[in-house]
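Here are the chains, one letter per residue:
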Amino acid sequence: MIPVPEEIEAYAERHTRGMSDLHATVWKDTYEKTKSPRMMVGPLEGAFLRLLVRTTGAKRVLEIGMFTGYSALAWAEALPEDGRLVTCDVNPETTKMAQGYFAKSPHGHKIEVRLGPALDTLKTLQGPFDICFIDADKTGYDAYYDACLHLTRQGGLIVLDNMMQGGKVLNPTDDRVRAVDALNKRIQKDPRVENVLLPVRDGIMLAYKR
Ligand SMILES: C[S@@+](CC[C@H](N)C(=O)[O-])C[C@H]1O[C@@H](n2cnc3c(N)ncnc32)[C@H](O)[C@@H]1O
C-alpha cells in the first residue's frame, strides 16, 4: 500500500459510508483462514467501487480476481436488481469461501462465478460490460487490459487495482512492478481511453473508454 499516515486512512474510513455486516464477516474470516488477507480491497476502496456503480448507473460488471468475495459483494450490493456481476478466480478454496458468502447475501443472485484462469474465462465472455475491474495476477494485467477494452462498452470504465505497487513503480526492480509500470505508461498514451491514476490505497487507475 502507498504509505499514507495510518490516522489519515482511518479518518477517511470514518468519513466514508461503511460496508455491510456480511463484509465484516468476510473480512474477519479471510484474516483467520487465508494466508494473504491484505489482498482484499477493504472498506475504503470497497465503498469507492460501490459508488462507481451507483454514479455510472452500471448494470453489467466484470471482475478479474475475486478472492474471498469482498469486492464482488461491493459491486453486487450496488447493482440494481436486474444487474449482473461476472467474477472469476483461479483458486478453488477461496472461490468456495466466496460462494458461501454469496449464498448468504440478498444480492448473491446477481453474481456469476467463473473458476479458472482469467484469460480462458475472458475468451468465453460477451460484452458489453459497463465496468471491468482488474485485480488479479499483475503480470497478466497487460492482456487483461486488452481483453477488457474489447469487452467494455463505449463510455464504460476499466478499473485497475494496485497500480502503484506500494510506491515501487517509482523505481521498479522486479518483473511484477515493471509490468505494472509499463501498463501505466501504456494506458497514459492510449488514445482509446481517458485516464486518471488515483493515489488511493495501492493506486487505482480509472480508464474511461472513449
Ligand atoms: C488481489 S486478489 C483479489 C482480491 C479481491 N478483489 C478482493 O477485494 O477481495 C487476486 C486474486 O486473483 C486470483 N488470480 C491469480 N491469478 C489468476 C488468474 N490467472 N486467473 C484468475 N484469477 C487469478 C488469485 O487467486 C486471487 O484470489
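Residues numbered from 1 in each chain as written. Predicted model: local features only at pLDDT ≥ 70, side-chain atom pairs only at ≥ 80, totals over all residues. Heavy atoms only, no water.

A few words on the overall build of the chain. Check the secondary structure of the chain and you find 8 helices and 7 strands. In terms of C-alpha radius of gyration, the chain reaches 16 Å, essentially the compact-globule figure of 17 Å for 210 residues. For the chain, the spread of C-alpha atoms along the principal axes amounts to about 45 × 40 × 30 Å. The buried share of the chain, reckoned over its 210 residues, is 49%. Here the analysis covers contacts within the chain between residues at least 6 apart in sequence; of these, 69% occur between residues at least 24 apart. Accessible surface computed for the chain: about 10,600 Å², of which carbon and sulfur atoms make up 55%. The averaged location of the 28 negative side-chain charges in the chain is 3 Å from the averaged location of its 28 positive side-chain charges. (Helix = DSSP H or I, 4+ residues; strand = E, 2+ residues; numbered from the N terminus. Rg over C-alpha atoms; globule rule 2.2 N^0.38 Å. Buried < 20%, exposed > 50% of the residue type's maximum accessible area, 1.4 Å probe, protein only. Contact = heavy atoms within 4.5 Å. Areas by Shrake-Rupley, 256 points an atom, 1.4 Å probe, with all protein chains shown as cover. Lys, Arg positive; Asp, Glu negative; His and termini not counted. Charge placed at Lys NZ, Arg CZ, Asp CG, Glu CD.)

Before going further, it helps to examine the sheet that holds strand E7 (residues 204–209). Judged by pairing direction, the sheet is mixed, and its 7 strands sit side by side in the order E3-E2-E1-E4-E5-E7-E6 without closing on themselves. Each edge of the sheet is formed by a strand with only one pairing partner; in this case those strands are strand E3 (111–115) and strand E6 (193–198). The mean angle between the axes of side-by-side strands here comes to 15°, regardless of whether they run parallel or antiparallel. Sheet topology note: the strand E1 (residues 60–64)/strand E4 (residues 129–134) ladder contains 4 bridges and is parallel. Opposite leucine 62, over in E4, you have cysteine 132 as the bridge partner. Seen against the sheet, helix H4 (residues 70–78) touches E1, strand E2 (84–89), E3 and E4 and runs at an angle of roughly 175° to E1. Lying over the sheet, helix H5 (residues 92–104) contacts E2 and E3, oriented at roughly 165° with respect to E3. (Pairing = 2+ DSSP bridges. Axes fitted to C-alpha atoms, helices over the stretch in contact; angles between N-to-C directions.)

With that settled, the discussion passes to the packing of aromatic side chains. Throughout the structure, instances matching the rule amount to 3 aromatic pairs. Here tryptophan 27 and tyrosine 31 contribute two aromatic rings whose centre-to-centre distance is 5.2 Å and whose plane-to-plane angle is 45°, an arrangement assigned as tilted. Of this pair, tryptophan 27 and tyrosine 31 both sit in helix H2 (residues 21–33), 4 residues apart, which is roughly one turn of that helix. Look at tryptophan 27 and you get partly exposed, because its relative accessible area is 30%. What makes tyrosine 31 partly exposed here is its relative accessible area of 38%. Connected via pairs of aromatic rings, a cluster forms that spans Trp27, Tyr31 and Tyr70. (Phe/Tyr/Trp six-rings, centres within 6.5 Å; stacked < 30°, edge-to-face > 60°.)

This paragraph deals with the site of the ligand. By nearness alone, 18 residues border the ligand, and Gly65, Ser71, Asp89, Ala118 and Asp135 come closest of all. Contacts to the ligand include valine 90, whose backbone N or O atom sits 3.4 Å from a nitrogen atom. The contact in question runs from a nitrogen atom of the ligand to an N or O atom on the side chain of aspartate 135, over 2.8 Å. Contact with the protein chains covers 88% of the free accessible surface of the ligand, which is 600 Å². (Near = heavy atom within 4 Å. Polar contact = N/O pair within 3.5 Å; in protein donor to acceptor, adjacent residues only side chain to side chain.)

Right, let's talk about the nonpolar core for a bit. The biggest cluster of nonpolar side chains holds 33 residues, and the ones touching the most others in it are Leu52, Val53, Val61, Trp75, Ile131 and Val159. Those elements that provide at least two residues to this core are H2, helix H3 (42–56), H4, H5, E4, strand E5 (152–160) and E7. In terms of residues, this core owes the most to one element, H4, which gives 7 residues. When near neighbours in sequence (up to four residues on either side) are disregarded, valine 61 contacts Val53, Trp75, Leu79, Arg84, Leu85, Val86, Phe129 and Ile131. (Core = buried A, V, L, I, M, F, W, Y, C linked by side-chain atoms within 4.5 Å.)

Now for H5. In this model H5 runs 19 Å from its N-terminal to its C-terminal C-alpha over 13 residues, within 8% of the 18 Å that 1.5 Å per residue would give. All of the buried residues along H5 are Thr94, Thr95, Met97, Ala98, Tyr101 and Phe102. Seen along its axis, H5 keeps its buried residues to an arc of 160°; they face one direction. Residues Glu93, Lys96, Ala103 and Lys104 are exposed on H5 and point more than 90 degrees away from its buried face. (Expected span 1.5 Å × (residues − 1). Arc of directions from axis to C-beta.)

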